[in-house]
Structures are given as structure tokens and as C-alpha cells.
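Coordinate analysis (summary)
One-letter residues, chain by chain:
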Amino acid sequence: MSTPAQTPVPHRHPSPPAPRRVTDDGEDLTPLIESLRADLEAADYTIEGIGAAVGELAAAALHRDQPLPADRATCDRTEPVALLTRLFGLGLTLTPDEVALALPRTRAEGLATLGLARIEGDGVRAVVDLRPHATEHDSWWVVSDLPELQAGGGPLPEDHVLGIGGASVTLAAWTPRPEVARALDIGTGCGVQALHLTHHAQRVVATDISERALEFARFTCALNGVELDLRHGSLTEPVAGEEFDLIVSNPPFVITPRTKGVPVYEYRDGGVEADGITSGLIGQVAARLAPGGMAQMLGNWEIGPDEDWRDRVRPWLAGLGVDAWVVLREVQDPAEYAETWARDGGHTPGDGQYEAMYGAWLDDFAARGTASIGFGVITLHRPEVEREPWIALDEARGQVDAAMGPHVLAGVRARTWLAEHSDDELLDIAWQYADDVTQERYYAHPGDPDPQVVLIRQGGGLRRAFQVDTVTAGLVGVCDGDLTARQGLAGIAVLTEADQSDLARQVLPVLRDLVADGLLVR
């Protein structure tokens, strides 16, 4: 086995100060922040505006962290959105006159006063990442530390405040969004998940253990004219004793060796051995859910040799009094996982630290007999009535809907209905197959009268497919919203000369699955 690194990983440079809302002598910078907001609006510094300025090819390349096409597309341009793309999107230096063209109210001096840029001689260079972020309902600007692409290479500082990354986008896409009174964002970072919550929550509380991250979140709120209740502390500690209708968390779930020399990044590492952050946070979140409340979080978990991942996760859910739906999205072996996270902080093979960290990860997993690591999305729901909680542990490693939130909400409601209603009540509903449901039949040979395989397939959501018998296929085929399932089975019983009760017992397990996953709806 390799020897773990024994020396600290050097920082490339200390983190720059967080953006400022108050000067050193106590002057309120709100008017200057409002001027910046007006400048950004006038410049059309939005996702659509940037896309129009750089073109489709360059915009797609930027999503892959490839700046050259956007640089080429904007290098001779003087429109405000093109200049802002160069300054904040590409991390390039502008002249003060160019900044004045792009931000006539704020100018270079204002950016420097706010802690967003540094004036160096005749050049102005951004020291933070300021980028637009939007949903179909809202548009914001999010401020965070410079991404690795713009930060000049080398390892990132351990208090780095991450911007909008892949995990952020995943969580936002999977979060159900009912209208709620109180919502909580645990480990808010730059505040992007909390911003999403403001659209459908009357009050939003957000926590983070990093004061620096909270300063970024406060500045983002001020820039967007949004009010959040931001609290300092670890995970749920700042909200002890409180209940929420919706909780989201992109926690520091990365499984990092507790080895000297391996950096502990605040945005990803919880300081707990193995998958203790994920397992422990599930219980903490469950305790903070109000009756009827839901939670959505991401997590990693270890899987032993010949172990089903469900056997690892299921004990974490026992005795919490909440419903749970866990969807496994990806599995990596220890080497793949080590490569991903050794690179994440800006380290590269051959830099003197990457290989040592890689080895430390491998040793750490080997010490616990970890064969693979799962990544998934965890949904919790507190029942409103006294009953046995339901638990669903599913896999969806392939492509799913880009916006999973509505499907998650519908799935929680469907599973809750099933948990609170009998088989007789299930059969007395006039179910309707969903618009995206198709039936596929496969025959062993051309001309065969009966199919060998029948699949009921979902086009959206988790894109589930169920292999069914001809009776179940026939029942789904008559689920048009007019006939109840019981009436449909009665007709099939007449056609097949079978006992209706026997047919009901045959189809009920699959019928429940079809309802749970949204292939049959009311």
C-alpha cells in the first residue's frame, strides 16, 4: 500500500476578502450595490444575453469550462454584456474605460469598493465570480469565489466558496417546489439553493459553518434584493427545535481521508470519517421536518464487497418516523472516486500532491473494505397521520428528466396515498395512464399470436419500464379515467374466463408500482 502524504498541501494563495456591504469605516454600501444591479440589468448580463453575445458554440464550450471560443467571440466587442462576460465570465483584465462602458454607474472604483475587483495599474481584474442564474420563473446573479478556470491554476484555498456546480444544479433540478410557509437550506454556500426557495417559500432560513460563505450569500441577497435569514453554525445546529415545511441540502458529503496532508475543503468535506455526514444528516433533517414536510438532499455512501447498496442505506432510515425515497444515480470504484476528488481542488497529476492524495484515498477505502461508492438523491417526508412510514430504494443510473422536482413531488404524494389506502380503495379508483406512457410488445418470431415480452414504459420522470403479463397490460390499456381498476378487471375476467379475485391478486403488486412511479395517475 502507498504511504499517505505527511505534509500539508500548500495553498496557491490566500483567499481574497469576501465582497463587502459595509466599508471599513461603517459606510453602508447598499446604494452602490443597487447601482451595480441597475448596471447589470441595463447590460442584459443574463444567461440569454451572454448566449446572444458569444454565440451557441462558445456558450456550449463555456459550460464545459473551455473559455477560448468565448474569448475569440468577444475580444473585439465593446457592448456591455460582452465586456462583462470577459471580466466576470472569463476572468480577463479590462481597462477602467471598458469597465465604465459596461458599468457606467458602478465603474471600476465601485467594483473595488465592493470587493468584487482589483485595480492594478491600468487594468481591472475580477476577484470573484459573478454570474447570472435563472429558472423559468426567476433570474438572479450569484457571487462566489473565482472558479478554478479563472483562478490561475494550482490548488484552491480550503475556505473556497464554490459557485454553481454540477451538484448544485442536480439538487435544484430534483427539489420538489410546493408553496410552503418555512423552508431551510442547510450548508447554503453562495446561497443558490436558498434563492430558488424564495420563489415558493414565505420565509427562507439558510445555515453554513463558513462565515466567509455567509458573507458571499449576504452579498448575493443584497445584489438581488432578496431577504434571507442567514445563520452561522454546523448543519442543523442553528435551527435546533424549529420545524420546516421544506428542507434542501447540498451538504459536504465527500468521503475524504482524515489524513494529514489531504486538504479539507469547507464546501465539500464535513470532517467526519467515511459516509458519516450523509448518514448523520438524514436523522438531523428528519427531526426538523414539520408534519407533511419534505426534504431533498444529496449524499455519498460506501458499499462493501458483495453488499447491496440498499443494505447500507436502509438502516439509516429506520426509526426516524419519516417516509424515505432514495434514488441511486451513480456508482464509482475507489480509484474513480479518488481521481475525481483529488483533482477537484485544483490538483493535477505530477504536481507533487495529487499522487499522494490519490494514495491516501485508496488506503482509506481499503482500511474499511470499501468496494465502491454510491451517489444519490435522498427525499424524506414526514407523514401527517399516524402510520408505518414507506421506504423506496430505487436505481436510476441513466438519463432522467432535466427537471425532476415535479416528478419527485408527485411520487411522494402517490406513495403517501398508497400507504394510507387499502387494496380495495386502490381498485375503486378510475386510473388514467399518463401521457408519456407507452406499451411495447416483443414477439419471439414474426407472426406469433402472443408477445413473449410486454413492457409498460414511462417517457419522463425516472423513465421506468415494467415487464408485465398480458392481464396487467390489458388493465393499463383500459385505464382511461372512466373505468375503475375493478371494472377493468371485471371485463378482463369475462374475456379470459378467469376468476376476478385471482386477477386482482395477480395485478395488485404491479398496479401499486405503476401508481407509485406515476405511470398511472388519478
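Rules used throughout
Per-chain numbering applies: the sequence of each chain, read as written, is numbered from 1 onward. At least 70 in pLDDT is required for a residue's local features to be given in this predicted model, at least 80 for side-chain atom pairs to be given and counted, and no such filter applies to totals for whole chains, interfaces and linings, which use all residues. Note that water and hydrogens are dropped before the side-chain values are worked out from all heavy atoms of the structure. UniProt positions are given in the numbering used here, feature names are shortened, and annotations may be inferred rather than shown by experiment. Two strands make a pair as long as DSSP finds a minimum of two bridges between them. What counts as a helix is a DSSP run of H or I of at least four residues, what counts as a strand is a run of E of at least two, and both are numbered from the N terminus. The convention used is that axes are lines fitted to C-alpha atoms, helices contributing only their stretch in contact, and that angles between N-to-C directions extend from 0 to 180 degrees. When a carboxyl oxygen of Asp or Glu lies within 4 Å of a side-chain nitrogen of Lys or Arg, that pair is called a salt bridge. Under the scheme applied here, a residue whose accessible area is under 20% of the maximum for its type counts as buried, over 50% as exposed, and between as partly exposed, the area being computed with a 1.4 Å probe on protein chains only. Under the pairing criterion, centres of Phe, Tyr and Trp rings, with the six-membered ring standing for Trp, must be within 6.5 Å; the plane angle then separates stacked pairs below 30 degrees from edge-to-face pairs above 60, leaving the rest tilted. Consider the ring centre and the ring normal. A charge sits over the ring if Lys NZ or Arg CZ is within 6 Å of that centre and within 35 degrees of that normal. Patch rule: a residue counts if its relative accessible area is over 30% and it has no salt bridge; like charges are joined within 9 Å, and nonpolar side chains (Val, Leu, Ile, Met, Phe, Trp, Tyr) within 5 Å. Per-residue and other accessible areas were derived by the Shrake-Rupley procedure at a 1.4 Å probe size, with only the shown protein chains allowed to occlude residues. Positive charges are assigned to Lys and Arg, negative charges to Asp and Glu, while His and the chain termini are left out of the count. Working definition for charges: the position is that of NZ of Lys, CZ of Arg, CG of Asp or CD of Glu. Take the residue count of a helix, subtract one, and multiply by 1.5 Å to get its expected span. Along the arc lie the directions from the helix axis toward the C-beta atoms. pLDDT runs from 0 to 100 and stands for how confident the predictor is about each residue. We call two residues in contact whenever any of their non-hydrogen atoms come within 4.5 Å of each other. An angle below 35 degrees is read as roughly parallel, one above 145 as roughly antiparallel, one from 65 to 115 as roughly perpendicular, and any other as oblique. In this scheme the handedness of a crossing depends on how the near helix is turned from the far one: anticlockwise by less than a right angle means left-handed, clockwise means right-handed. Only Asp, Glu, Lys and Arg are considered charged, only Ala, Val, Leu, Ile, Met, Phe, Trp, Tyr, Cys and Pro nonpolar, and every remaining residue, Gly among them, polar.

An unreviewed UniProt entry lists the protein under the name Methyltransferase family protein, with Kytococcus sedentarius given as the organism. Here the protein is described in UniProt, under the heading Sequence similarities (unreviewed entry), as follows: "Belongs to the eukaryotic/archaeal PrmC-related family."

Read across the sheet, three strands follow the order β14-β15-β16 without closing on themselves; strand pairing throughout is antiparallel. Only two strands of the sheet have a single neighbouring strand rather than two, namely β14 (437-442) and β16 (465-468). The sheet shows a mean angle of 25° between the axes of neighbouring strands, taken without regard to direction. Taken together, the four bridges between strand β15 (residues 453-458) and β16 define a ladder with antiparallel strand orientation.

Below, the discussion takes up the pattern of salt bridges. Under the counting rule described, the total for this entry stands at 34 salt bridges. A salt bridge links arginine 463 to aspartate 401, with the shortest nitrogen-to-oxygen separation between them at 3.6 Å. In this pair, arginine 463 sits in the loop between β15 and β16 while aspartate 401 sits in the loop between β12 (391-395) and α15 (405-419), placing the two residues 62 residues apart along the sequence. Residue classification places arginine 463 among the partly exposed residues on the basis of a relative accessible area of 33%. By relative accessible area, aspartate 401 is classed as partly exposed at 26%. One salt-bridge network, in which partners are shared between bridges, spans Arg182, Arg203, Asp229, Arg231 and Glu242.

Right, let's get into the UniProt feature "domain: Methyltransferase small" (unreviewed entry) in the protein. Taking the UniProt record as the reference, the feature "domain: Methyltransferase small" (unreviewed entry) is found at residues 178-255. Taken end to end, residues 178-255 has its terminal C-alpha atoms 32 Å apart, with 26% of it in helix and 32% in strand.

Evaluated as defined, the whole model comprises eight aromatic pairs. With a centroid separation of 6.2 Å and an interplanar angle of 55°, the aromatic rings of tyrosine 337 and tryptophan 341 are classed as tilted. Placement of the pair is tyrosine 337 and tryptophan 341 together in helix α13 (residues 334-344), with a separation of four residues, close to one helical turn. Given a relative accessible area of 2%, tyrosine 337 falls into the buried group. One aromatic cluster is present, formed by Tyr337, Trp341 and Phe365 through successive ring pairs. It is arginine 415 that lies over the ring of tryptophan 325; its NZ or CZ is 3.9 Å from the centre.

Turning to a negative patch on the surface, a few remarks are in order. Side chains of Asp25, Glu27, Asp28 and Glu34 sit close together on the surface and give a patch of like negative charge. With respect to the secondary-structure elements, aspartate 25 resides in the segment before α1 (30-43). When its relative accessible area of 67% is taken as the criterion, aspartate 25 is described as exposed.

Time to look at the UniProt feature "domain: DUF7782" (unreviewed entry) in the protein. Mapped onto the present numbering, the UniProt feature "domain: DUF7782" (unreviewed entry) falls on residues 415-521. Secondary structure content for residues 415-521 is 44% helix and 19% strand, while the C-alpha to C-alpha distance between its ends is 12 Å.

As a further point, take helix α11 (residues 276-287). The end-to-end C-alpha separation of α11 is 17 Å, in line with the 16 Å expected for twelve residues at 1.5 Å each. All of the buried residues in α11 are Ile277, Thr278, Leu281, Ile282, Val285 and Ala286. Mapping the buried residues of α11 onto a view down its axis gives an arc of 150°, with all of them on the same face.

For the protein, the mean per-residue pLDDT works out to 93, and 97% of the residues sit at or above 70. Note that residues 1-12 has pLDDT below 50 and, in this model, 36 contacts with residues that lie over four places away or in other chains.

Glancing now at the packing of helix α17 (residues 470-477) against helix α18 (residues 485-496). Between α17 and α18, whose axes approach to 9 Å, the crossing angle comes to 125°. Judged by the angle between their axes, α17 and α18 are oblique. As for how α17 packs across α18, the hand of that crossing is right-handed. Mapping the contact onto sequence places Val471, Gly474 and Leu475 in α17 and Ala485, Gly488, Leu489 and Ile492 in α18. Here the residues of the contact of α17 with α18 are counted per class, giving five nonpolar, two polar and no charged.

Okay, the sheet that holds β12 next. The strand order across the open sheet built from eight strands is β7-β6-β5-β8-β9-β11-β10-β12, with neighbouring strands paired in mixed fashion. Looking at the sheet topology across the chains shown, the edges are occupied by β7 (229-232) and β12. Pairwise comparison of adjacent strand axes, ignoring direction, gives a mean angle of 20° for this sheet. Here nine bridges tie strand β10 (residues 323-332) to strand β11 (residues 372-381), and the two strands are oriented antiparallel to one another. Of the residues in β11, the one forming a bridge with glutamine 332 is isoleucine 373. Contacts from helix α8 (residues 166-174) reach β8 (244-249), β9 (289-303), β10 and β11, with the element oriented near 145° to β9. Here α11 sits on the sheet and contacts β5 (180-186), β8, β9 and β11; the angle it forms with β9, its principal contact strand, is near 180°.

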